[in-house]
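# Notes for the structure review
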Amino acid sequence: MPIKRSHFAIACVWLAPLPFVFAFTFAQANPQSKLLKPPQGSMSAPAVSIAPGSITLITPPVAATMPVSAAAETVYAAARPRLLQIRTLLTAAGKQSSLGSGFVVTADGMAITNYHVVSQYALEPATYRMEYATPEGTKGALKLLAVDVTNDLAVVQLDKNDYPFFTFNPRAIDGSLAKGERMYAMGNPHDIGFTIVEGTYNNLVDKSYQERIHFSGAMNPGMSGGPTVSVDGRVIGINVAKRVGSDLVSFLVPARFGAALLERARHTMLETRAGAQDLALTPEKTRIEIGKQLTAWQAALYKTLLEQGFRTTTSGPYQAPEPVAAWFSCWARTNGEQIPKPRALLNSTQCNTQTWLFISNNLQTGAIEISHSYAKSIDLNAFQFAAFLSQNYNLAWSGSGGRKYVTQNQCTEDFVVSGTDNAKSLPMRVVWCAKAFRDFPEIYNVSVLAVTQDKSDQALISRLAMSGVSYANALALGKRFISSISVAEVIK
């Protein structure tokens, strides 16, 4: 969770009656794998000495019976030499632009952090540079070795060797951790100094396409990229985000993704040292690599969504499609209880993915939104009702990203007939809008808006919004969406 000066949180706000806000907890200037040797001081199984007629258990360094604060003290003391603060600096000024945390994972100075902590450098290496700082105040340069944008991870290389390092908890790698197990998150919140936070493991988040661990502990800005460890000091997850407006609801990237990325970085380094220089992650190749990862991720996401399809819900006299996938969260609202009494009834449902990817400070992608609003006139004539619809709904959905990152909306509009059942099909006005990502070819923000045209005093307004999607996937899902809108009942 990088820090910049002005408490700006990179956030995705789900527009529901009770909005959910997910945020990378950082403030900004204008805001598996191979198991390594356990670290020194890690807890081993209790030693057993057998005396005549008795068995004596020798208490391990960190035992379940030890007071919680003492356990935290022991964990932090062992972890401290392995912790890092990761800084992105504006090269021209030599001043920090963002701050986050990280941790050493190999003796030769490889470290793990979040991708969003180093994203400025990854996307604009001519403008920014990276450095690290240890708890003792030692500073040095960093090199970017590997990124995993879809899991918000990066591996960086320190400029020195012979570091103590963290290892990964094997139970975290194979997914056998117990709910309620105590964990300890570490990092440098708000740039006030390295700290340790106690919390508990609460399994993976249910409603998320991406795997994220629910950590019941207090994360704060600046802790992004730091480690969360078990009582034996081995890594369970990597700090990544918190839910704004909630208490002790934080999120970790599972350790197995960090271990996998580390292995990839190790392989790259070995191949590079052997002379295969083309494998190194140079600044010129970073954008290409990010684009490949985004393309592959959205392909898998939309394949799953298209395979699962939609269920049908009734909204007034209409049938509308809603997603089946468990990682959508759906909400409803109405204006029927407003005072003064509204002149048109509006009942709305909205389903959002609680899944998205951070690309840069002003660009996130991966979110999908499906919404339906049934509107019915109470005392408006046909012209007034049409004006009411126009005032309440924009034709184009912009998605995230300013003109630096995406092109202007290009929209097309037509009148179509939905569905394949002629008896239940509907005439609709459909608007299709798309914005292209400037730096990542063949990735778009796309929205589809459909308004029924069969009645003058009521209508169904449906929207499908997709960010970071290929045009082919957007077209396939858009067609499926439009064809699923129909009349609820056919009166013979």
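Residues numbered from 1 in each chain as written. Predicted model: local features only at pLDDT ≥ 70, side-chain atom pairs only at ≥ 80, totals over all residues. Heavy atoms only, no water.

Per the secondary structure count, the protein chain includes seven helices and 28 strands. Total accessible area on the protein chain stands at roughly 22000 Å², and carbon and sulfur atoms take up 54% of it. (Helix = DSSP H or I, 4+ residues; strand = E, 2+ residues; numbered from the N terminus. Areas by Shrake-Rupley, 256 points an atom, 1.4 Å probe, with all protein chains shown as cover.)

Following both chains from N to C, one finds helix H5 (residues 283-308) and helix H7 (residues 471-483) inclined at 20°, their axes separated by 10 Å at the closest point. By the angle class used here, H5 and H7 are roughly parallel. Between H5 and H7 lies a crossing whose hand is left-handed. From H5, Gln-298, Ala-299, Tyr-302, Leu-305 and Leu-306 reach across to H7, where they touch Asn-473, Ala-476, Leu-477 and Arg-480. Here the contact of H5 with H7 is built from residues that sort into six nonpolar, two polar and one charged. (Axes fitted to C-alpha atoms, helices over the stretch in contact; angles between N-to-C directions. Parallel < 35°, antiparallel > 145°, perpendicular 65-115°, else oblique. Left-handed = near helix turned anticlockwise from the far one by under 90°. Contact = heavy atoms within 4.5 Å. Nonpolar A, V, L, I, M, F, W, Y, C, P; charged D, E, K, R; others polar.)

The next subject is the side chain of His-116. Here His-116 shows up in helix H2 (residues 115-123). Under the relative-accessibility criterion, His-116 is labelled buried at 2%. Of note is the side chain of His-116, whose polar atom sits 2.8 Å from the side chain of Ser-224. (Buried < 20%, exposed > 50% of the residue type's maximum accessible area, 1.4 Å probe, protein only. Polar contact = N/O pair within 3.5 Å; in protein donor to acceptor, adjacent residues only side chain to side chain.)

Per the stated rule, a full pass over the model turns up 10 aromatic pairs. Plain terms: the ring middles of Tyr-209 and Trp-327 are 5.0 Å apart, the flat faces sit at 65° to each other, and that makes the pair edge-to-face. Here Trp-327 lies in the loop between strand S18 (318-323) and strand S19 (328-334) and Tyr-209 lies in the loop between strand S12 (195-204) and strand S13 (213-216), a separation of 118 residues in the sequence. These aromatic residues form a ring-pair network of at least three members: Tyr-209, Trp-297, Trp-327 and Phe-328. The ring of Phe-166 carries Arg-82 above its face, with NZ or CZ at 5.9 Å from the centroid. (Phe/Tyr/Trp six-rings, centres within 6.5 Å; stacked < 30°, edge-to-face > 60°. Lys NZ or Arg CZ within 6 Å of the ring centre and 35° of its normal.)

Next up on the list: H2. Most of H2 is tucked away, with nine of its nine residues classed as buried. For H2, every residue scored as buried is listed here: Tyr-115, His-116, Val-117, Val-118, Ser-119, Gln-120, Tyr-121, Ala-122 and Leu-123.

Let's shift gears to the environment of Ala-122. With respect to the helices and strands, the residue Ala-122 is situated in helix H2. Sequence separation between Ala-122 and Ala-154 is 32 residues, and the spatial gap between their C-alpha atoms is 9.8 Å. Beyond its immediate chain neighbours, meaning those up to four positions away, Ala-122 contacts Tyr-115, Leu-144 and Thr-286.

Once that is clear, we can look at helix H6 (residues 382-392). Among all positions in H6, only Phe-385, Phe-388 and Leu-389 are buried. Mapping the buried residues of H6 onto a view down its axis gives an arc of 95°, with all of them on the same face. Exposed residues on H6 whose side chains face more than 90 degrees from its buried face are Phe-383, Ser-390 and Gln-391. Packing partners of the buried residues in H6 comprise strand S20 (344-353), strand S23 (368-377), strand S26 (444-452) and strand S27 (458-469). Regarding H6, its N-cap is Asn-381, as a side-chain oxygen of that residue lies 3.1 Å from the backbone nitrogen of Phe-383 further along. (Arc of directions from axis to C-beta.)

Now for the nonpolar core. Within the largest apolar cluster, 66 residues are counted, with the highest numbers of intra-cluster contacts made by Tyr-115, Leu-144 and Met-466. Ignoring anything within four residues of it in the chain, the contact list for Tyr-115 reads Ala-122, Leu-123, Val-147, Asp-148, Val-149, Asp-152, Leu-153, Ala-154, Ile-290, Phe-358 and Ile-359. In terms of nonpolar packing, the next biggest core, distinct from the first, is built from 46 residues, Leu-83, Met-186, Met-219 and Met-269 among them. (Core = buried A, V, L, I, M, F, W, Y, C linked by side-chain atoms within 4.5 Å.)

With respect to the helices, strands and loops of the structure, Glu-131 is situated in strand S8 (residues 128-133). As for Glu-131 and Leu-89, which are separated by 42 residues in sequence, their C-alpha atoms are 7.7 Å apart. With near-sequence residues (within four places) excluded, Glu-131 lies in contact with Gln-85, Ile-86, Arg-87, Leu-89, Lys-139, Gly-140, Ala-141 and Leu-142.

Glancing now at the sheet that holds strand S9 (residues 139-148). With respect to topology, six strands assemble into a closed barrel ordered S5-S6-S7-S10-S9-S8, the strand pairing being antiparallel. The average angle at which neighbouring strand axes cross in this sheet is 40°, direction not considered. Note that S8 and S9 share three bridges and pair antiparallel. Directly across from Glu-131, in S9, lies its bridge partner Ala-141. (Pairing = 2+ DSSP bridges.)

Looking now at the confidence of the model for the protein chain. For the protein chain, per-residue confidence averages 84 on the pLDDT scale, and residues scoring 70 or more make up 82% of the total. Mean pLDDT per element in the protein chain: strand S1 (residues 10-14) is the minimum at 30, and strand S14 (residues 227-229) is the maximum at 98. Every residue in residues 5-64 is under pLDDT 50, and counting partners more than four places away or in other chains gives 150 contacts. (pLDDT = per-residue confidence, 0-100.)

This paragraph deals with the pattern of salt bridges. In total, this model carries 15 salt bridges according to the counting rule given. Taking the shortest distance from any N to any O, the salt bridge between Arg-182 and Glu-198 comes out at 3.4 Å. Placement of Arg-182 in strand S11 (residues 182-187) and of Glu-198 in strand S12 is noted, with a sequence separation of 16 residues between them. Under the relative-accessibility criterion, Glu-198 is labelled partly exposed at 29%. (Salt bridge = Lys/Arg side-chain N within 4 Å of Asp/Glu carboxyl O.)

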